[in-house]
Structures are given as structure tokens and as C-alpha cells.
Amino acid sequence: MPGSSSPSRRRRARLRVVNPRSAGIDIGSRFHVVAVPAELDDDPVRKFSSFTNDLKSIAEWLLAIDIKTVAMESTGIYWVPLYEILVGRGIEVFLVNARHAKNVPGRKTDINDAQWLQQLHSYGLVRASFQPDPCIAKLRAYFRQRDVLVRYRSSHQQHIQKALMQMNLQLHHVVKDITGLTARRIIDAILSGERDPQRLATLRDRRCKESVETIAAALEGNYQEEHLFELKIAIEMFDAYSAKIQECELAGQAVLQELAGDGYVEPKRQTSDSRIRGNGFSFNPQALITLVAGHDLLSLPGLGPATVITLISECGLDMTRWPSAKHFVSWLGLSPQNKISGGRVLSSRTRQGTTRAGSAFWMAAVPLSRTSSALGAFQRRLSARVGKSKALIATARKLAILYYKTIRYGMEFQELGDLAYQQASRDRQIHGLERRARSLGYQLVATG
């Protein structure tokens, strides 16, 4: 009959099961729901508490029925303990972005969510989120914690300046950094009881640009007991966070040395290494970065040691996880997310909420507009045409592509400068005009 289909054709149209030994887990804060294929167990959907013994029971049950792979949603941080236990038992875990499966109607319970995840995973319709190797994950944890501590410490730096201003000590006007060498000498002397501005001014470092007289005038203060107490607490909190930041750096340094292998020889410590400009590490990471990455990533424009360590800890060193540079910048959130309907592009904005690595590239691209590099010239040219915001994202995208090609293909970056970029841009414009002229039957002739 017209319009009818044979049973064999209907069978061919069905989805093919690619993961028959799969499970789906709906993650919650107090309990987890686990679903397995109905033919593998008489009770295929079970609820477990989030206590550690129950998490181990989940792993034992899945291993008992020979489950090979599991899909779970990345809900908050509640997935982390179960993920680590399952991976430790040798079960492949697909950490699924909840946005990829949330828009399907009719699933109103945790049980249905788990069953739906299991069904999607059995057909191979879910995609695993990027998870780094264990050593890189350890490095990422240490430096993410360092970033958190740096943000916390910065608030106490503001408290120090507030306490000084309340006593009208204009220290921030005569020194570059109120936590630097000169400022700390003066603040420590004030907390020890010194009030004479001339004596305080003599504590300046010889490299300080302001004179003793100017510093002494700025240190004529109105000392009050409560403000001194506030300054004392702020300094103690700042020092406490500084000590914890150094602990994170030393732990991260140990992981970097493990990644570098036996070829790393720690360089002799120099005075200039005590505070590396731009990142403030307690160790010099440059030699470690080159050994770990196998390439000179610091030669790329805008990338300093702090940014490169962030990128290594967030992206790892295996760029083959992204088939191409376009896949990489899309994962970073630096490429347009085109929404097309009826043949029309409705929107081409970048994804909201970039990854930490994407933000690192974005921050690295910010100062490039003030440099004489080729990327700086590109950013300035594009900024005049489409605006600073889009030009900044485009520059970050180009920088990410350079980073990808350097690690994966061993590309050696050569800085050509802004003049070479401007000449190449002019040549492209001329070639475009010549091509359009030929298509119209004309010939382009130079006038000068």
C-alpha cells in the first residue's frame, strides 16, 4: 500500500544501541538515582544516599552487573566524589553538560532523569565534557585554589589602604605598591610604635622614586587607636593569605616538576626571582613551563608565566582531544555560536560564560592593543571597524589558535610586527580590488 513501510525498513530506521552495558545517574546533593538497562537487573532503578559508603555501593553494584560506562550530569560539585570513585574502579564516566539534555519535556522526576540519561547514553547521544589527566587535574586544583586566595587577599589589601586613609597617611600617593618593600617597612614601623614621619621616610628603598621629604610629608598622620587596630588586623590577614598562596605555589611547583620529568634542574635563585613581574610567584616557572610544554609558549604575544600555567592546568597538554583549532576555540567560548533558522542567521554571539581558559586568553589579549605586535595591529584595525569588544574577542581567538598550533604541531611563532601586518593587509585589499575589477571586465592601474 502507498505510504506503508515494511517491518525491515522500520527496523533499519531505529537507533542502534552502541553502549549496551551503560548506566545513567542523576546527581543530587542528598541522594543519587542510578538507572541501568532493565534486562540486566530485576531492580534497574535504585536510589542511593550521598554518603561515601553508598557511593562505594553504587560502584560495586555497577561492577557486579558488568556496567562498562556511565553518564552523569555535572550538577554543582556533587558529582566529584562519585566520579572519582567510579573512575578509580575502572568504569568509564561521561560527565554530561546538563544544558545538552534539559530541554526534553515530560521528565519531571529524578528517576525519569536517570532513565533518560541511560537511554541517551546507550544510543551514544551524549557527549562527555572535557576532563584532564589526573596529574593535570591536581595541578588545576592547586592553581584554582591559588586564584581564590589571591582574590581574598586583594580585599585585605583594600582594607590596608582604607585604614591608612582614615589616619590621613597618603602612602599610596608616594609608593607604587602599598604591599611592596618600602610600604611594608613603613607600615611595620608604624605598628611597632614609630610616629616620626622623618624616621619613617628614611625606611624607603633606594629604588623608590619619591624623595625622603615627599614621603615624610605624606606620613603626617592623625593616629587613632581604632584605626591602628584595623590596620594591624588587615596586615595580619594579608600575610596569612600570602603564606597560604605560597603553599599552593609550592604544591603546584611539585606537580610541574613531576610533569617535567628528570630533565628539570632547578635554577639558582636570584634576587630578581623573588617576585616575578606580572604574576608574583614564589618560584621561577619559566624553565618548568618550557620543559612541561615542550615548546616556548612564553614567546607568544601576551602570554606570561601565570597565564600559561593557567592554560596548562585548564586545557592539559594533549591537544588531540580537539580535532582542530576551530573545535578548541569553540570549546573556549571564543567563536560565534550561530543560530540559523530558515536559512537566516538569527544570532552569531559568542557563548555566555566562557571557560577559565577562555577568560585567560581574553585577559592576555587586553594589553595587545597597546603593543607594536601584529596582533596589536589586528586588534586596532578591527576595533575601528566593529568595536573594541568584538575586536578583543577576535584577538583572543587568534591567540588561542596560535597556542593550539604551537603545542600540537610544534609551530614556531615569529613576531613580524605591526608594519608587516599593515603591509599584508594592504596587499590583501589590493588583490581583492584587482579580482573584482577583472570580474567586471576592467583592469586596475596604479596612479602613483
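Thresholds applied
- Residues numbered from 1 in each chain as written.
- Predicted model: local features only at pLDDT ≥ 70, side-chain atom pairs only at ≥ 80, totals over all residues.
- Heavy atoms only, no water.
- Helix = DSSP H or I, 4+ residues; strand = E, 2+ residues; numbered from the N terminus.
- Buried < 20%, exposed > 50% of the residue type's maximum accessible area, 1.4 Å probe, protein only.
- Contact = heavy atoms within 4.5 Å.
- Areas by Shrake-Rupley, 256 points an atom, 1.4 Å probe, with all protein chains shown as cover.
- Patch = residues over 30% accessible without salt bridge, like charges linked within 9 Å, V, L, I, M, F, W, Y side chains within 5 Å.
- Salt bridge = Lys/Arg side-chain N within 4 Å of Asp/Glu carboxyl O.
- Lys, Arg positive; Asp, Glu negative; His and termini not counted.
- Charge placed at Lys NZ, Arg CZ, Asp CG, Glu CD.
- pLDDT = per-residue confidence, 0-100.

It is worth spelling out the overall build of the protein chain at this point. Counting its regular elements, the protein chain contains 16 helices and seven strands. For the protein chain, with 448 residues in total, the buried portion stands at 38%. For the protein chain, restricting intrachain contacts to residue pairs at least 6 apart in sequence, the fraction spanning at least 24 positions comes to 62%. Element-wise, carbon and sulfur atoms account for 51% of the exposed surface of the protein chain, whose accessible area totals about 26500 Å².

With that settled, consider a positive patch on the surface. Residues R381, R385, K398, K405 and R428 make up a contiguous surface patch of positive charge. When contributions to the positive patch are tallied by element, the ones reaching two or more residues are helix 14 (374–386) and helix 15 (388–409). Of note, K405 is situated in helix 15.

Turning our attention to the pattern of salt bridges. For the coordinates displayed, the defined rule picks out 14 salt bridges. The shortest N-O distance in the salt bridge between E314 and R144 comes to 2.8 Å. A residue pair is termed long-range when its members are at least 10 positions apart, and E314 in helix 11 (residues 305–315) and R144 in helix 5 (residues 134–166) qualify at 170 residues. D418 is the partner of R380 in a salt bridge, and the nearest nitrogen-oxygen pair spans 3.8 Å. Here R380, found in helix 14, pairs with D418, found in helix 16 (residues 418–439); they are 38 residues apart in sequence, far enough to count as distant.

A word on the confidence of the model for the protein chain. Averaged over every residue, the pLDDT of the protein chain is 86; residues scoring 70 or more account for 88%. Put simply, helix 1 (residues 7–13) is where the protein chain has its lowest mean pLDDT, 53, and helix 2 (residues 52–64) is where it has its highest, 95. Considering only residues more than four positions removed or in separate chains, one finds that residues 270–278, a stretch of pLDDT under 50, has 12 contacts.

Further remarks concern a nonpolar patch on the surface. A surface patch of nonpolar side chains, amounting to about 270 Å² of accessible area, comprises F229, I233 and M237. Topologically, F229 is positioned in helix 9 (residues 225–260). Note on F229: relative accessible area 52%, which makes it exposed.

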